[in-house]
Amino acid sequence: MAKFLIVEARFYDHLNDLLLQGARSAIEAAGHSHETITVPGALEIPGAVALAAESGRYDAYVAIGVVIRGETYHFEIVAGESARGLMALSLDGLAIGNGILTVENEAQALTRARPTEKDKGGEAAKAAIAMLELKGRFG
Ligand SMILES: Nc1c(NC[C@H](O)[C@H](O)[C@H](O)CO)[nH]c(=O)[nH]c1=O
Ligand SMILES: CC(=O)[C@@H](O)COP(=O)(O)O
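As the structure is a prediction and not an experimental result, all values here were calculated from the model.

Let us look at helix α1 (residues 13-29). End to end, α1 covers 24 Å across 17 residues, agreeing with the expected 24 Å (1.5 Å per residue, within 8%). Taken together, the buried positions of α1 are occupied by Leu 15, Asn 16, Leu 18, Leu 19, Leu 20, Gly 22, Ala 23, Ala 26 and Ile 27. Against the buried residues of α1 lie β1 (3-9), β2 (33-39), β3 (60-68), β4 (96-103), α4 (106-113) and α5 (120-138).

Written as structure tokens, this is what we have:
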């Protein structure tokens, strides 16, 4: 059994609850355990993963969050830099799934957050599971 850390940016409670439901279900279905920590926003997720990785307590990580475009360029920063930070950690050898939604509006987010629809939380967890399995093959 592997231990997963879900790092959620809790910017929209109702959307995160759906994403977390999907991610936790996928991890449990694969026979693994999970813990969840919460950070203020998506920009803080990569840093939180890096800090957690230093502890050596976890085998894999799932990033959960929702970034909805507003009026300014900040969407590009939050969406792009959170993804870039997670990619950098992945290239450092961490098994990570990125479940941070980057969308234009809440309707797009809801469809992707619901486990009964696009289940992007579950999808991100399955990606982390796959990367952990790959790590085991090459490790
Ligand atoms: N607008 C959204 C944010 N913005 C906050 C940033 O992620 C960050 O917490 C802040 O800039 C302080 O460093 N975060 C989201 O997760 N979703 C958004 O829609
Ligand atoms: C993605 C964001 O940071 C965004 O929600 C912030 O909204 P605004 O660009 O209107 O300040």
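Once that is clear, we can look at the UniProt feature "binding site: (2S)-2-hydroxy-3-oxobutyl phosphate" (unreviewed entry) in the chain. In the UniProt entry, the feature "binding site: (2S)-2-hydroxy-3-oxobutyl phosphate" (unreviewed entry) is given for Glu 71, Thr 72 and Arg 112. The greatest C-alpha distance among the residues just named is 23.2 Å, and with 42 residues of sequence between them they are spread in space as well. On the secondary structure map, Glu 71 appears in the loop between β3 and α3 (74-91). Relative to the helices and strands, Arg 112 is located in helix α4. Not counting residues up to four positions away in its chain, the partners in contact with Arg 112 are Leu 19, Leu 101, Val 103, Lys 118, Asp 119 and Lys 120. Polar side-chain contacts of Arg 112 include one of 2.9 Å to the backbone oxygen of Gln 108.

Right, let's get into the packing of aromatic side chains. For the coordinates displayed, the defined rule picks out 2 aromatic pairs. Between Tyr 58 and Tyr 61, the ring centres sit 6.2 Å apart and the planes meet at 65°, which makes this aromatic pair edge-to-face. As far as the burial class goes, Tyr 58 and Tyr 61 line up, both buried.

The subject of this paragraph is the site of ligand 2. Contacts to ligand 2 come from Val 67, Ile 68, Gly 70, Glu 71, Thr 72, His 74, Phe 75 and Val 78. At a separation of 2.6 Å, an oxygen atom of ligand 2 approaches a polar side-chain atom of Thr 72. When the free accessible area of ligand 2 is taken as 330 Å², the share hidden by the protein chains comes to 71%. Considering each element in turn, the shell around ligand 2 owes the most residues, 3 residues, to α3. The class makeup of the residues in the shell around ligand 2 is 4 nonpolar, 3 polar and 1 charged.

Cut-off values and rules
- Residues numbered from 1 in each chain as written.
- Chains lettered and ligands numbered in written order.
- Predicted model: local features only at pLDDT ≥ 70, side-chain atom pairs only at ≥ 80, totals over all residues.
- Heavy atoms only, no water.
- Helix = DSSP H or I, 4+ residues; strand = E, 2+ residues; numbered from the N terminus.
- Expected span 1.5 Å × (residues − 1).
- Buried < 20%, exposed > 50% of the residue type's maximum accessible area, 1.4 Å probe, protein only.
- Contact = heavy atoms within 4.5 Å.
- UniProt positions renumbered as here; feature names shortened; annotations may be inferred.
- Polar contact = N/O pair within 3.5 Å; in protein donor to acceptor, adjacent residues only side chain to side chain.
- Phe/Tyr/Trp six-rings, centres within 6.5 Å; stacked < 30°, edge-to-face > 60°.
- Near = heavy atom within 4 Å.
- Areas by Shrake-Rupley, 256 points an atom, 1.4 Å probe, with all protein chains shown as cover.
- Nonpolar A, V, L, I, M, F, W, Y, C, P; charged D, E, K, R; others polar.

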